[in-house]
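Architecture at a glance
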Amino acid sequence: MASPAPRRLDEPDRLRWLRKAAILDTKPETEFDSVVQALQCISKFPISLVSLVDDDRQWFKANVGLDATELGRDTSFCAHVVASRKPLIVLDTHNDPLFTHNPLVTGGTKIRSYVGYPITPASAEGHCMGALCIIDTVPHSSIPKEVHKLLSLLVTVISGLIERNLQLILKEEKQYSAISTIAHELLTPMEIISQSAKLLHSVKVKGSWRREASDLINTITECSEGTACVALRDLMSLLRMQHDTEPNTEFELRGCIESAFQKISSAPTPSAVDIGYVMPFDFLVRGDNLRLRQILINLLSNALHFTHSGSVTLMCNVTDAQHMSKVQFTIEDTSSDMNIEQTWEMMKRFSGALRCNLEQHTAIGLRLAMTQHLCESMGATLYFKRTSNGSQFHFALEMEAVPLQPPKELAGKTVLLIDPSSYRRRSLKKHCESLALKTISVPEVTEGIELLGHFRATLDLHIDAVFCAAEALAACRCPDATEGDPPWVITGRHPAVDDACALDTPVMQGNLKQKLLSLLCNAPAPSSPRREPSPPGLHILCVDAQTARQRLLQSFLTRHGAVARVDLAVSGEEALALSHETSYDVIFVEALLPGIDGLVVTQVAKEQSPGTRVAVLSVFTDPTSVAECHRCGADYVLRTPLAFQEVEKVLLSAGQTAGLRVCKRGVPAEEPPTTDAACPGPSGANVDERDGLRLPAVGPRTLS
């Protein structure tokens with residue numbers, strides 16, 4: 001039985017530095033290979049390794065003489081070097097009780113002697129990342145001084161190579177911090193103006209100023225969400241992708257695609273444009289989830305920007321290659337106002353503002369340049385071509401991919417699809433087929449009803465569920481339900497029916513699967529985002545030196561049905577004084593406060609009242625910064641500029657902890673929403689259930 005090496009108390013910090021060096025699971029490099037080859041040749045030991053010790057394994061950056069790329073940490077000799085931070089010399093493993101029963105000694109490798117020197121880059125605060133070692137299958141009586149000198153020299157070379165990586169990464173982090181802070185300072189005021197304008201849409205304006213006020217608010221919204229704001233958001237996204245990236249994570253490919261669609265669907269889109277995706281099968285893949293999602297968001301947003309009617313479709317196809325799977329993405333649209341020369345000019349770095357003739361297109365060049373940069377960072381090339389109906393972007397990635405099976409409970413069931421749009425019928429049909437469902441599709445409700453009657457009379461086929469577009473019901477009343485009829489689900493953009501009978505478009509396969517499982521298999525349905533209002537009760541403290549953002553957050557919170565009281569503080573000292581005097585349910589605190597910073601406030605507040613929920617507001621949301629916030633006791637880390645959707649999630653969680661049933665509409669239970677001639681109601685505005693705001697309608701507004 002092997003004796004695993006002990007772990008030091010600062011092991012989490014060591015692993016953080018190891019991962020920061022970004023060297024694990026990288027391709028072979030000549031500089032590292034040359035070191036182990038020279039070491040093997042001069043020392044006459046048959047095995048020479050550059051071994052990096054991870055959490056549960058040792059991985060070999062360079063390897064001569066051993067037929068493996070990694071081994072378990074429990075049996076690792078190099079893990080003992082990491083624990084001691086000193087050279088380890090084992091002349092004969094059979095005479096060393098620490099290694100006598102080690103599987104690498106008793107098994108096929110048959111290690112009899114080992115010499116390992118610690119790899120310690122200068123910037124890693126003294127942490128040992130692994131070992132440069134030599135191994136033999138015969139015992140040695142001693143190790144020549146020349147070999148020790150050679151190991152000491154070459155381990156300095158290896159440490160220097162890793163130090164070079166670290167210096168580049170630390171330099172990029174400083175640049176990221178500086179540029180991100182500048183972009184954040186520019187973007188925050190525009191975001192505050194935009195969010196304030198959205199809040200004003202729900203304020204009742206009386207008298208002769210009704211129409212003028214509405215026009216002014218619309219103008220403010222349009223200006224604050226203009227091209228400069230879009231460009232800054234895209235710049236922030238690129239910086240975060242470079243800084244927060246996790247290049248080797250396992251994730252569901254369909255989940256990544258649907259997450260991108262949810263992001264673009266949260267913004268208003270022309271009603272004349274159908275959006276959707278086609279993906280025949282589900283796959284579990286390994287790669288960079290964050291960058292892939294951002295690429296898809298950028299390309300879909302670009303397509304929607306230029307498409308005023310028709311459709312925008314994402315097609316994903318996975319094919320097997322020799323070692324890795326080839327995952328191909330194609331974004332196709334029916335745009336008509338962008339020619340190929342203009343597009344490729346815009347794809348040159350930051351040239352969009354100079355090359356485009358139309359003002360509303362000035363940020364697109366920057367977005368496409370960033371997308372091209374992200375594709376290149378993932379080893380892909382972005383291609384563009386003009387089609388007979390519009391335009392098409394295409395790129396392909398090499399990824400590990402494992403197919404996933406659809407739920408057995410749905411296999412073989414039959415659904416009837418009713419939708420006048422052939423595009424939406426095809427899209428929904430593909431989603432159903434990926435779940436192993438049988439489908440019948442018709443364009444009109446009358447045809448669907450006739451088919452149901454025919455199947456009921458002849459018993460030829462059993463229909464398990466009906467999906468009907470809301471617009472198809474506009475000209476035909478839904479039939480009265482009779483015993484034995486399948487359940488009807490209405491599809492559309494926020495259809496005005498009960499959640500259990502509704503499905504938002506564009507339809508996502510994940511939502512479709514949950515809906516079918518809950519209707520047909522008695523599986524618990526996901527909790528509805530639309531909750532009944534309840535009496536207010538939460539006590540909130542907002543701590544932010546940015547007073548404009550603080551006032552905006554206060555305005556949102558005071559209108560929220562679950563909030564009873566909102567206190568404000570502009571410094572850490574003031575926040576600590578208030579939290580000492582008052583028990584708060586939730587504290588929103590900016591991380592970078594003058595004087596006592598937000599993390600200290602968080603730590604003290606949690607020590608005083610462990611039940612208080614603390615949400616830290618920060619521009620830095622990389623894994624290291626988030627982990628630091630959580631170590632100080634933060635329950636949430638919210639990225640700034642602040643999104644009301646994230647604030648809403650904190651309130652919902654805090655309300656459940658406090659025993660409240662929290663309303664997302666932002667009104668108390670005893671004051672249900674009312675309409676007023678001076679305040680546009682549902683016909684003049686879209687109620688966005690995601691952030692509790694009444695947003696401006698996409699179409700024209702009419703105020704009486």
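See the structure printed just above.
Here is a short report on the structure shown in this document. (Residues numbered from 1 in each chain as written. Predicted model: local features only at pLDDT ≥ 70, side-chain atom pairs only at ≥ 80, totals over all residues. Heavy atoms only, no water.)

**Let's talk about the packing of helix α17 (residues 572-581) against helix α18 (residues 598-608)**
For the pair α17 and α18, interaxial distance at closest approach is 10 Å and the crossing angle is 5 degrees. Relative to α18, the element α17 is oriented roughly parallel. For the pair formed by α17 and α18, the contact residues are Gly572, Ala575, Leu576, Ser579 and His580 on the first element and Val601, Val604 and Gln608 on the second. Looking at the contact of α17 with α18, its residues break down into four nonpolar, four polar and no charged. (Axes fitted to C-alpha atoms, helices over the stretch in contact; angles between N-to-C directions. Helix = DSSP H or I, 4+ residues; strand = E, 2+ residues; numbered from the N terminus. Parallel < 35°, antiparallel > 145°, perpendicular 65-115°, else oblique. Contact = heavy atoms within 4.5 Å. Nonpolar A, V, L, I, M, F, W, Y, C, P; charged D, E, K, R; others polar.)

**With respect to the side chain of His431**
Position of His431 relative to the elements: it lies in helix α13 (residues 422-434). For His431, a relative accessible area of 2% translates into the label buried. (Buried < 20%, exposed > 50% of the residue type's maximum accessible area, 1.4 Å probe, protein only.)

**Here's the deal with the pattern of salt bridges**
Between side chains of opposite charge, a pair can form as their charged atoms come close. Evaluated as defined, the whole model comprises 23 salt bridges. Residue Arg85 pairs with Asp10 through a salt bridge whose shortest N-O separation is 2.8 Å. Highlighted residues: Arg85 in the loop between α3 (78-84) and β4 (88-90) and Asp10 in the segment before α1 (11-20), separated in sequence by 75 residues. Take Arg85: its relative accessible area is 29%, and that puts it in the partly exposed class. Judged by its relative accessible area of 22%, Asp10 falls in the partly exposed class. Here Arg286 makes a salt bridge to Glu250, at a shortest N to O gap of 3.6 Å. (Salt bridge = Lys/Arg side-chain N within 4 Å of Asp/Glu carboxyl O.)

**Observations concerning unusual backbone geometry**
Cis geometry is adopted by the peptide bond preceding Pro506, which originates at Thr505 and carries an omega value of 0 degrees. Even without glycine at this site, Asp25 takes up a positive phi of about 60 degrees. Secondary-structure assignment places Asp25 in the loop between α1 and α2 (30-43). Non-glycine residue Arg85 carries a positive phi angle of around 60 degrees.

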